[in-house]
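Here's the letter readout for the chains.
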Amino acid sequence: MTNSEDQGRAAAVDLSAPIAASVDTVWGILTTATGFSEWMEGNVTFEPRAGSPFRAEFPAYQIVLGGKIVEVDPGARRLALTWGIESGPDADVFPAGSSLVELQLRPDGPACRIELRHTGLRTAEAAAQQEGGWRFQLSKLDLKANRADLAAGLDHTLPEWVAAWNEQDAEARLAALERCCREDVTFRDEWTALSGTGMLGLHIGNCHHYMPGYSLEHTGDIRICRGEALVGWRATGPSGQPTKGFNHIQADPDGRIHRVTGFQAG
């Protein structure tokens, strides 16, 4: 291999990363100016069509990126655009549109994987710098896409979770748990540690048996980070004096719950 061939190979970035969200959600982020802006935390403008100018302003860093959209293929979930610095540091050595960024999404069960290739970089040092930046940005993409999917999923499953805890009929309770949880769901709090919807259903039944009038409700906003959520709760028993706490929930991107750890406040 010649030095020029080695240099050409070194001056490129190739990355592949899992994204805990659906292909449709990630594609929506990549191909809309609003989604791209939220992902990059800047002011991004473009239209999802070949030939459209691409511009991304980052006032906090006094930098503007520029280029154009080269390819948008919704069927293949592929986006390509030129990339470089329109104004700001290194604009003279990395000008707008001087490199090519290719993004490819591939389904992976309920989630997906993104493949990124960034070519046209001048040196191995420039490629290393871009690779560090892209690793950070792909991690942010995973966070934002998962947060969007999981928030929508939990909107459906958390009401079923509460309904199961408030249900006194064993069959109806189990049906509610099966609609919101994996069959092998694990649950832990200060009173029990168990696995499976069947065992969880029995535990909830015991709560109603030994604490007549028991009820549960969620309180406050849901906080979501990378497949996990914190959800406040308030439970009322025979005394009428409520107890409060929060649940640490792990769930699939569609909101199906597979692990809950309950904490009591105070």
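Everything discussed here concerns the structure shown above.
All values derive from a computational prediction rather than experimental measurement. (Residues numbered from 1 in each chain as written. Predicted model: local features only at pLDDT ≥ 70, side-chain atom pairs only at ≥ 80, totals over all residues. Heavy atoms only, no water.)

Chemist: Describe a nonpolar patch on the surface, listing the residues and the values that go with them.
Modeler: A cluster of nonpolar residues, Leu-230, Phe-246 and Phe-263, forms a patch on the protein surface that exposes about 240 Å² of accessible area. Inspection of the secondary structure puts Leu-230 in strand β12 (residues 228-236). Judged by its relative accessible area of 35%, Leu-230 is partly exposed. (Patch = residues over 30% accessible without salt bridge, like charges linked within 9 Å, V, L, I, M, F, W, Y side chains within 5 Å. Areas by Shrake-Rupley, 256 points an atom, 1.4 Å probe, with all protein chains shown as cover. Salt bridge = Lys/Arg side-chain N within 4 Å of Asp/Glu carboxyl O. Helix = DSSP H or I, 4+ residues; strand = E, 2+ residues; numbered from the N terminus. Buried < 20%, exposed > 50% of the residue type's maximum accessible area, 1.4 Å probe, protein only.)

Chemist: Which residues make up the pairing of β12, and what are the values?
Modeler: Inspection of the sheet shows strand β11 (residues 215-225) paired to β12 by eight bridges, in the antiparallel sense. Bridge pairing links His-218 to Trp-233 in β12. Once β11 ends, the chain turns through two residues before running back antiparallel as β12, passing Arg-226 with a positive phi of about 55°. Pairing of β12 with strand β13 (residues 243-251) involves eight bridges; the strand directions are antiparallel. Bridge pairing in β13 places Val-231 opposite Asn-247. Where β12 folds back on β13, the antiparallel hairpin that results is connected by six residues, among which Gly-240 adopts a positive phi of roughly 80°. (Pairing = 2+ DSSP bridges.)

Chemist: How would you summarise helix α6 (residues 197-210) if you had to cite specific residues and measurements?
Modeler: Relative to the 20 Å expected for 14 residues at 1.5 Å per residue, α6 spans 20 Å between its end C-alpha atoms, a close match to the ideal helical length. Those residues of α6 that fall on the buried side of the exposure criterion are Thr-197, Leu-200, Gly-201, His-203, Ile-204, Gly-205, Cys-207 and His-208. Lining the buried residues of α6 we find α4 (124-166), α5 (170-180), β9 (181-188) and β10 (193-195). (Expected span 1.5 Å × (residues − 1). Contact = heavy atoms within 4.5 Å.)

Chemist: Break down the pattern of salt bridges for me, with residues and values.
Modeler: Applying the stated criterion to the full structure yields 15 salt bridges. Here the salt bridges do not stand alone but share partners, grouping Glu-41, Lys-140 and Lys-144 into one network.

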